[in-house]
Amino acid sequence: MDFTEDQVLRYSRHIILPEIGGKGQAKIAAAKVFLVGAGGLGSPVGYFLTAAGVGRIAIIDDDHVELSNLQRQIAHSTKTLGMPKVQSAKETFNALNPEVEIVALKQRLTRDNILELIKDYDIVVDGSDNFPTRYLVNDACVMAGKPLVSGAILRFEGQVTTILPKQGHCYRCLFEDMPPPGLVPSCQEAGVLGVLPGIVGGLQAMEVLKLIIDKGDVLKNTLLIIDALKTTFRKVKVPKNPKCPVCGENPTITELQDYNVVYCSV
């Protein structure tokens, strides 16, 4: 790829890194990333990947911008209140880097559309805020063989893991079944520290870029747990479960299920 003078200047801090260089930046420019959610996590993930020059970023979310979002969702602003989140995010990201193709998908992610939606993308990032979506995205990525960077936040704690189908664990190796409704509170019920999504989303974006340039160690077979109150980062090893119902040796879940996908209104 031949860079223009403006592109060389824009990405100069990447290009001077021996681990990235011009070849690595060209890989970033050619990459296609599918982002689930345009909220607390999707905002920083999309922002950093746009700044990095990822060629195409699709964002799916069917929610609208509300005032309570602005405490943490940096893709949105007071001026975009009431606007679909994907459109608000698209405008924010395009203002940052107009060279990146932002595909705004204002719709629900379901078992009927997810495989078709992600098929042309290299990496999937889960920035959703509910368990049905996390399980749906995990199962679809395992079945489609798509790398998945998953993040979660609640109160003062965040989690990040990277799932590489056939190479390591999946989300069901961590938590085989969904918790019963009401057992785990939502952000709306329990709250979340406003800066925490930025930390977790930044780590997710970092995992994506390492996957694209094929450098460094990603969080394969590992769950990174962030405690914002104690300012601690803890790694927990997550071995691949040979009896996992999705990625195990004899999977029992071979088709996407009815996950009753709903998006939190926060």
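For the structure itself, look to the data block above.
All values reported here derive from a predicted model rather than from experimental measurement.

About the thresholds
- Residues numbered from 1 in each chain as written.
- Predicted model: local features only at pLDDT ≥ 70, side-chain atom pairs only at ≥ 80, totals over all residues.
- Heavy atoms only, no water.
- Helix = DSSP H or I, 4+ residues; strand = E, 2+ residues; numbered from the N terminus.
- Rg over C-alpha atoms; globule rule 2.2 N^0.38 Å.
- Buried < 20%, exposed > 50% of the residue type's maximum accessible area, 1.4 Å probe, protein only.
- Contact = heavy atoms within 4.5 Å.
- Areas by Shrake-Rupley, 256 points an atom, 1.4 Å probe, with all protein chains shown as cover.
- Lys, Arg positive; Asp, Glu negative; His and termini not counted.
- Charge placed at Lys NZ, Arg CZ, Asp CG, Glu CD.
- Pairing = 2+ DSSP bridges.
- Axes fitted to C-alpha atoms, helices over the stretch in contact; angles between N-to-C directions.
- Core = buried A, V, L, I, M, F, W, Y, C linked by side-chain atoms within 4.5 Å.
- Patch = residues over 30% accessible without salt bridge, like charges linked within 9 Å, V, L, I, M, F, W, Y side chains within 5 Å.
- Salt bridge = Lys/Arg side-chain N within 4 Å of Asp/Glu carboxyl O.
- Phe/Tyr/Trp six-rings, centres within 6.5 Å; stacked < 30°, edge-to-face > 60°.
- Lys NZ or Arg CZ within 6 Å of the ring centre and 35° of its normal.

## A look at the overall build of the chain
Phase 1 of the analysis: Broken down by element type, the chain carries 10 helices and eight strands.
Phase 2 of the analysis: Whereas a compact globule of 266 residues would reach a radius of gyration of roughly 18 Å, the chain reaches 18 Å, a difference of no more than 12%.
Phase 3 of the analysis: Considered along the principal axes of its C-alpha atoms, the chain spans approximately 55 × 40 × 40 Å.
Phase 4 of the analysis: The proportion of buried residues among the 266 residues of the chain is 50%.
Phase 5 of the analysis: If you take every contact in the chain between residues at least 6 apart in sequence, the share linking residues at least 24 apart comes to 69%.
Phase 6 of the analysis: When the accessible area of the chain is evaluated, it comes to approximately 12,800 Å², of which 53% is carbon and sulfur surface.
Phase 7 of the analysis: Positive and negative charge centroids in the chain, built from 28 and 29 side chains respectively, lie 4 Å apart.

## Remarks on the sheet that holds strand 2 (residues 56-60)
Phase 1 of the analysis: Spatially, 3-2-1-4-5-6-7-8 is the arrangement adopted by the eight strands of the open sheet, whose pairing is mixed. Strands at the two margins of the open sheet, each flanked by one partner only, are strand 3 (101-105) and strand 8 (232-237). The sheet shows a mean angle of 15° between the axes of neighbouring strands, direction not considered.
Phase 2 of the analysis: Of the strands in this sheet, strand 1 (32-36), strand 2, strand 3 and strand 4 (123-126) are in contact with helix 4 (residues 42-52), which crosses strand 1 at around 165°.
Phase 3 of the analysis: Contacts between helix 5 (residues 85-96) and the sheet are confined to strand 2 and strand 3, with strand 3 contributing the most and set at about 170° to the helix.

## Examining helix 4
Phase 1 of the analysis: Most of helix 4 sits out of view: eight of its 11 residues are buried.
Phase 2 of the analysis: Those residues of helix 4 not exposed but buried are Gly-42, Ser-43, Pro-44, Val-45, Gly-46, Leu-49, Thr-50 and Ala-52.
Phase 3 of the analysis: Just beyond helix 4, the residue with positive phi is Gly-53, at close to 95°.

## Re the nonpolar core
Phase 1 of the analysis: Leu-49, Val-54, Ile-59, Val-208 and Ile-212 are the most contacted members of the largest nonpolar core, which has 36 residues in total.
Phase 2 of the analysis: Of all the secondary structure elements, the ones that give two or more residues to this core are strand 1, helix 4, strand 2, helix 5, strand 4, strand 5 (148-154), helix 10 (196-213) and strand 7 (222-227).
Phase 3 of the analysis: Take this core: its biggest share by element is eight residues, from helix 10.
Phase 4 of the analysis: Once you skip the residues sitting within four places of it in the chain, Leu-49 turns out to touch Val-33, Val-54, Ile-57, Ala-205, Val-208 and Leu-209.
Phase 5 of the analysis: Counting 28 residues, the second largest nonpolar core, distinct from the first, contains Phe-34, Ile-114, Cys-141 and Val-246.

## Concerning a nonpolar patch on the surface
Phase 1 of the analysis: A contiguous nonpolar surface patch, about 550 Å² in accessible area, is contributed by Phe-156, Leu-193, Val-195, Ile-199, Leu-229 and Phe-233.
Phase 2 of the analysis: Locating Phe-156 in the fold gives a position in the loop between strand 5 and strand 6 (157-163).
Phase 3 of the analysis: For Phe-156, a relative accessible area of 35% puts it in the partly exposed group.

## Some thoughts on the packing of aromatic side chains
Phase 1 of the analysis: By the definition in use, this model includes four aromatic pairs.
Phase 2 of the analysis: Ring centres of Phe-34 and Tyr-121 lie 5.5 Å apart, and the angle between their planes is 70°; this geometry places the pair in the edge-to-face category. Taken as a pair, Phe-34 in strand 1 and Tyr-121 in the loop between helix 6 (114-118) and strand 4 lie far apart in primary sequence, 87 residues in all. You'll find Phe-34 and Tyr-121 in the same group, each marked buried.
Phase 3 of the analysis: Ring centres of Tyr-47 and Phe-93 lie 6.2 Å apart, and the angle between their planes is 75°; this geometry places the pair in the edge-to-face category. Here Phe-93 lies in helix 5 and Tyr-47 lies in helix 4, a separation of 46 residues in the sequence.
Phase 4 of the analysis: We classify Tyr-47 as partly exposed; its relative accessible area is 30%.
Phase 5 of the analysis: Among the residues examined, Phe-93 registers a relative accessible area of 1% and is labelled buried.
Phase 6 of the analysis: What links up through ring pairs into an aromatic cluster is the set Tyr-135, Tyr-171 and Phe-175.
Phase 7 of the analysis: Lying across the ring of Phe-131, Arg-134 places its NZ or CZ 5.0 Å from the centre.

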